[in-house]
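So the chains spell out like this:
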Amino acid sequence: MLTEVSILPVQPSYSINGHQIFAEVLNEAPLIVKFQNVLSEDECNALIERSKNRLKRSKLANQEVSAIRTSSGMFFEENESPLIAQIEQRISALMHLPLKNAEGLQVLHYEIGQQFKPHFDYFKEDNPKSENNRISTLVIYLNDVEEGGETTFPNLNLAVKPEKGSAVYFEYFYQNPHLNELTLHSGEPVKRGEKWIATQWMRRKAIRVGF
Ligand SMILES: O=C(O)CCC(=O)C(=O)O
Ligand SMILES: [Fe+2]
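Just so we're clear, the structure is a prediction, and the values are computed from it rather than from any experiment.

Rules behind the numbers
Residues numbered from 1 in each chain as written. Chains lettered and ligands numbered in written order. Predicted model: local features only at pLDDT ≥ 70, side-chain atom pairs only at ≥ 80, totals over all residues. Heavy atoms only, no water. UniProt positions renumbered as here; feature names shortened; annotations may be inferred. Helix = DSSP H or I, 4+ residues; strand = E, 2+ residues; numbered from the N terminus. Phe/Tyr/Trp six-rings, centres within 6.5 Å; stacked < 30°, edge-to-face > 60°. Lys NZ or Arg CZ within 6 Å of the ring centre and 35° of its normal. Pairing = 2+ DSSP bridges. Axes fitted to C-alpha atoms, helices over the stretch in contact; angles between N-to-C directions. Near = heavy atom within 4 Å. Polar contact = N/O pair within 3.5 Å; in protein donor to acceptor, adjacent residues only side chain to side chain. Areas by Shrake-Rupley, 256 points an atom, 1.4 Å probe, with all protein chains shown as cover. Nonpolar A, V, L, I, M, F, W, Y, C, P; charged D, E, K, R; others polar.

(A) The arrangement of the UniProt feature "domain: Fe2OG dioxygenase" (unreviewed entry) in the chain in detail. Here, the residues flagged by UniProt with the feature "domain: Fe2OG dioxygenase" (unreviewed entry) are residues 101–204. Note that residues 101–204 is 5% helix and 43% strand, and that its end C-alpha atoms are spaced 7 Å apart.

Below is the structure:
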């Protein structure tokens, strides 16, 4: 069998502009990695603070409001402030894709009982957006969740516990569609406390203008 090359070179740590991020491979193909120290405590707090007043009930990728996704969320404008610019640059370097391929950074807030049921992040073939499809995801945890709220991959028997500043990375750019389908994932219901995440989705080709 041909081994497929991942977008992300697998390393124990990554140094980005002097910021050290540690990696643990949870699954090799599809590649799923848990990162520690993607964002500092102050950066997590600032993202929560700056998104709080801008939250709206989340929609699905097709813009429908649905029971599949019960959180509230918002997108930052690309490059909208020095803080967002610095975080976007770090994320883009970590995900090994140019910033022009990045969607706006999204913040999601889940309260007790809220969840994101199993789904794929890429668009189906009948969606016009699949022409420049998503190829990788980074979900950054902005707080510690008292109980529940894990990101789970039901077909791989994996659960990632939210820890402030850490993140889970996965990619679905493989030739073999079966590998992409294994990235089915969910945000489990929050049982105690609340959950804040920032999600970065990357596209195959440029999506931002002006780069
Ligand atoms: O809440 C989570 O843990 C998963 C979030 C997610 O799947 C997404 O933002 O696409
Ligand atoms: Fe997702």
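(B) Broad picture of the packing of aromatic side chains. This model, assessed by the stated rule, comprises seven aromatic pairs. Each ring, one from tyrosine 122 and one from tyrosine 172, has its centre 5.5 Å from the other, and the planes form 45°; the classification is tilted. Note that tyrosine 122 is positioned in the loop between β7 (116–119) and β8 (134–141) and tyrosine 172 in the loop between β12 (167–171) and α3 (177–181), a separation of 50 residues in sequence. Across from the ring centre of tryptophan 201, 3.9 Å away, lies the NZ or CZ of arginine 134, which sits over that ring. Lying over the aromatic face of tyrosine 110, lysine 195 brings its terminal NZ or CZ to 4.6 Å of the ring centre.

(C) Expanded view of the sheet that holds strand β11 (residues 158–160). The strand order across the open sheet formed by four strands is β7-β13-β10-β11, and the pairing between neighbours is antiparallel. Each having just a single partner strand, β7 and β11 make up the two edges of the open sheet. Pairs of neighbouring strands in the sheet enclose a mean axial angle of 15°, with direction left out of account. Direction of pairing for β7 relative to strand β13 (residues 185–187): antiparallel, over a ladder of two bridges. Pairing of phenylalanine 116 across the sheet is with glycine 187, part of β13.

(D) Molecular detail of the site of ligand 1. For ligand 1, the full set of nearby residues is Tyr110, Phe116, His119, Asp121, Thr151, His185, Gly187, Lys195, Ile197, Thr199 and Trp201. Here an oxygen atom of ligand 1 and a side-chain polar atom of tyrosine 110 are 2.6 Å apart. At 2.9 Å from an oxygen atom of ligand 1 is found a side-chain nitrogen or oxygen belonging to histidine 185. Calculation on ligand 1 without its partners gives an accessible area of 290 Å², and the protein chains cover 100% of this total. Counting only elements with at least two residues in the shell around ligand 1, the list comes to β7, β13 and β15 (195–203). Among the residues forming the shell around ligand 1, the class breakdown is four nonpolar, five polar and two charged.

(E) Just the environment of histidine 178, in detail. With respect to the helices and strands, histidine 178 occurs in helix α3. Spatially, the C-alpha atoms of histidine 178 and proline 30 are 9.2 Å apart, while their sequence positions differ by 148 residues.

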